[in-house]
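Descriptive structure summary
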There are 2 protein chains.
Amino acid sequence: MAIRYALLGLLTKGPHSGYDLHSTFKTQHIYFWNSTHSQVYQELNKMRDEELVTYETIVQEGSPNKKLYSITHKGEKRLIEWMMEEAVKPAKIKDEFLLRASAFQAISVEEAVTLLERILAREKAILAGTSQWQLEHYGEQDYPSYLEIGSYLTSEFGKRYAKMYVEWCEWALELLESYRA
Amino acid sequence: MAIRYALLGLLTKGPHSGYDLHSTFKTQHIYFWNSTHSQVYQELNKMRDEELVTYETIVQEGSPNKKLYSITHKGEKRLIEWMMEEAVKPAKIKDEFLLRASAFQAISVEEAVTLLERILAREKAILAGTSQWQLEHYGEQDYPSYLEIGSYLTSEFGKRYAKMYVEWCEWALELLESYRA
DNA sequence: GAAAACATGTAAGGCGTTACATGATTGC
DNA sequence: GCAATCATGTAACGCCTTACATGTTTTC
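Residues numbered from 1 in each chain as written. Chains lettered and ligands numbered in written order. Predicted model: local features only at pLDDT ≥ 70, side-chain atom pairs only at ≥ 80, totals over all residues. Heavy atoms only, no water.

An unreviewed UniProt entry annotates chain A as PadR family transcriptional regulator of Pontibacillus chungwhensis BH030062.

In structure tokens, the structure reads:
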């Protein structure tokens, strides 16, 4: 249900295509939201029927035509109503690696170390990517324009999350040393 | 699909009822997994059919009867196969509050501050709860028995996650001050 | 007297994923 | 030549949630 608010939120910053919106989920929003391109296109169609968004077709040479979606007045109203609701649902997380980690007692220390090292490398790469992205977008400024406040806040969250993950991996690897024969 | 591995993982530490297993999701696993009681019961039935788990009925006075589930040899084998798979899917997170935060440009600074303060309080309470839980379970020890390694690693992750969230909220509130008229 | 904890299930429906489908351009 | 990027969709399926269903004991 909340996918629509994710899309409406992005559209408050200006018109975007379905492809753009999905790309954002894959890159910037990865730390707190996820979706697939097919769901994005389906939800955009529903929202168009409910007049929360409109679009105009952009004819392009070289690339396929695209639909540039804009948020309507009605859409913006609906978004803000949702944002100001009293209740905020707790986050729902499904992290397969942590699920494996929670069952490390079922495998050997050596195997656990192997799994952890792989994830440490992955998270380091993610941290580097997020830091890079933030530098490219906000590098010189102390703080960005208010239009960019959402992206700025959540990219910082992403960076802190990745950093925390890396540090936890390193701590866990050290701890596992204690169990080595 | 992975719900079954979450359940199998917990059962490597000993027999548990469906109610117990779901309680764990609501408390300890909240940082990396979530489910509902109805899904837990349904999945346990499926796994019983596939002989990944067995159960015995415990007749209780005062409380309703319960089914104590145990992991089978076949179940353990299946779990370890899954754990050692090369590919680990990236985490899927759905955090409604961060979704709201990502659209803060659509509301006023004052409204954003109100929302943030509410979440800061929530996360502080969660951090306190997790710290308390960890203290009760592992307080005196430097590190726990290997049987408890999974819970220990992930509860530490939970603590670090909550701490990071609190610090990010405080940082965000400070930043928002810059935009105040 | 009400709410929370203990305890387990079924049924309906929808959200979300995976697979199928197409096709041009750019970079390695 | 192959993979990646750009670009948008449909169809099938199933995981997962919400609602329905029941009943006792303990705590406030």
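1. Digging into the overall build of chain A
Helix and strand content of chain A: seven helices and three strands. Secondary structure elements of chain A, listed N to C terminal, follow the sequence α-α-α-β-β-α-β-α-α-α. Compactness check: chain A gives a C-alpha radius of gyration of 20 Å against a globular reference of 16 Å for 181 residues, more than 25% above the reference. Its C-alpha atoms give chain A principal-axis dimensions of roughly 65 × 40 × 35 Å. A separation of at least 24 residues holds for 59% of the contacts in chain A among residues at least 6 apart in sequence. (Helix = DSSP H or I, 4+ residues; strand = E, 2+ residues; numbered from the N terminus. Rg over C-alpha atoms; globule rule 2.2 N^0.38 Å. Contact = heavy atoms within 4.5 Å.)

2. Structural notes on the interface of chain A and chain B
The partner chain B presents 71 residues to the 71 residues of chain A that form the contact. Together, the buried faces of chain A and chain B total about 7,500 Å²; carbon and sulfur atoms form 68% of this surface. Here Arg118(B) makes a salt bridge to Glu86(A), at a shortest N to O gap of 3.7 Å. Between the two partners, chain A and chain B, sit 37 residue pairs in polar contact (both at pLDDT 80 or more). Of all elements in the fold, only α1 (3-11), α4 (73-83), β3 (92-94), α5 (96-101), α6 (109-138) and α7 (149-177) of chain A reach the threshold of two or more residues within the side of chain A that touches chain B. Among the elements that line the side of chain A that touches chain B, the one with the most residues is α7(A), at 18 residues. Each residue belonging to the side of chain A that touches chain B can be placed in one class, and the counts come to 44 nonpolar, 12 polar and 15 charged. (Buried area = accessible area lost by both parts, 1.4 Å probe. Salt bridge = Lys/Arg side-chain N within 4 Å of Asp/Glu carboxyl O. Polar contact = N/O pair within 3.5 Å; in protein donor to acceptor, adjacent residues only side chain to side chain. Nonpolar A, V, L, I, M, F, W, Y, C, P; charged D, E, K, R; others polar.)

3. Focus: the UniProt feature "domain: Transcription regulator PadR C-terminal" (unreviewed entry) in chain A
Those places that UniProt annotates as "domain: Transcription regulator PadR C-terminal" (unreviewed entry) correspond, in this numbering, to residues 93-177 of chain A. Regarding residues 93-177 of chain A, the helix share stands at 76% and the strand share at 2%, and the terminal C-alpha atoms are separated by 29 Å. (UniProt positions renumbered as here; feature names shortened; annotations may be inferred.)

4. Quick word on the protein's contact with DNA strand D
Around DNA strand D sit 26 residues, and of these Tyr19(A), Gln60(A), Lys67(A), Ser38(B) and Gln39(B) come closest. When the atoms of DNA strand D within 4 Å of the protein are grouped by moiety, sugar and phosphate amount to 61% of the total. Between DNA strand D and Tyr19(A) there is a distance of 2.9 Å, counted from a phosphate oxygen to a backbone nitrogen or oxygen. With respect to DNA strand D, the side chain of Gln39(B) contributes an N or O atom lying 2.5 Å from a phosphate oxygen. Those elements giving two or more residues to the surface near DNA strand D turn out to be α2 (18-26), α3 (37-49) and β2 (66-71) of chain A together with α3 (37-49) of chain B. Taken together, the residues that form the surface near DNA strand D break down as seven nonpolar, 15 polar and four charged. (Near = heavy atom within 4 Å.)

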